[in-house]
Amino acid sequence: MLNPNIFSIPKIIIALDFCNKKSAMKLVDLLDPSIFYLKVGKEMFTILGYKFIKELHKLGFNIFLDLKFHDIPNTVFNATKAAADLGIWMLSIHACGGKNMLISAKKAVKYFKNAPLLIAITTLTSLKEKDLREIGIKLSLSDYILVLSQLSKECGLDGIVCPGQEAKRMKLLYGKKFKIVTPGIRCSTDSLFDQKNIISPKKAKEYQIDYIVIGRSITTSTNPIKKLNSIIKSMQ
Ligand code: C5P
């Protein structure tokens, strides 16, 4: 396995989107926890719960708990505290939940020694402008991301999830410390599935993205390690 850590390239978060533990562990067992981060999302967390997180921690992995909280401030405060209690490394929250909700999440992690990075979802990479119109948003996708990223920064969040195309601008606006996490990563031969805002790993490096989230390109691959090696190589 090529070691991406010695190069200045985006770090790789593998989205463990599986419908059962056996399939997830088949992939996890191939991965080196000093190189890759794991993302546990709504599907696996709903099936396996917090015990799965504990198990992955025991194997040495840092976990991005991608539950995309979006609720009233009090509920998000308590849910964020509960998530931080699990010792996770990163947690996602929908920026469109509003200022009070974001501030509540930030308050919830304040007293944790190893608080998770709080990352706000600006927009889902499966949404295009047409989809925004359908939910009553009249801004361009780019302006919508700008509004929500500004709000997230003001509320003290550690970074945002945004489509690759916006990442370069976000880095310029908010500086190096503000983390940019980008899903929708596709190599030229990969299927898009439901993603609409995609970029290649090579572009992700060019745009100075901190973390790329890769799901189906790896989880549906017959040889995930070969695929990961080729992704890492394309970024070097
Ligand atoms: O399989 P694929 O590479 O498209 O997976 C992308 C992952 O990133 C999924 O787990 C999805 O839930 C997540 N995600 C996303 N768009 C966001 C935030 C998270 O696709 N804005």
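Here, the structure is the one placed above.
Residues numbered from 1 in each chain as written. Predicted model: local features only at pLDDT ≥ 70, side-chain atom pairs only at ≥ 80, totals over all residues. Heavy atoms only, no water.

Draft legend 1. Main features of the pattern of salt bridges. Overall, the coordinates contain 11 salt bridges when judged by the stated rule. Here Arg 133 and Glu 129 are joined by a salt bridge, their closest N and O atoms 3.8 Å apart. Of this pair, Arg 133 and Glu 129 both sit in helix H6 (residues 129–134), four residues apart, roughly one helical turn. Between Arg 169 and Glu 166 there is a salt bridge, and its shortest N-O distance comes to 2.8 Å. Taken together, the residues span about one helical turn, with Arg 169 and Glu 166 both in helix H8 (residues 164–174) at a distance of three residues. According to the relative accessible area criterion, Glu 166 is buried, its value standing at 12%. Counted as one network, the salt bridges with shared partners bring together Lys 39, Asp 66 and Lys 68. (Salt bridge = Lys/Arg side-chain N within 4 Å of Asp/Glu carboxyl O. Helix = DSSP H or I, 4+ residues; strand = E, 2+ residues; numbered from the N terminus. Buried < 20%, exposed > 50% of the residue type's maximum accessible area, 1.4 Å probe, protein only.)

Draft legend 2. Looking closely at unusual backbone geometry. The backbone phi angle of Phe 193 is positive, close to 55 degrees, even though this residue is not glycine. With a phi close to 60 degrees, Gln 208 is a non-glycine residue in the positive phi region. By the secondary structure assignment, Gln 208 is in the loop between helix H9 (201–206) and strand S8 (211–214).

The values reported here are purely geometric and, on their own, carry no functional implication.
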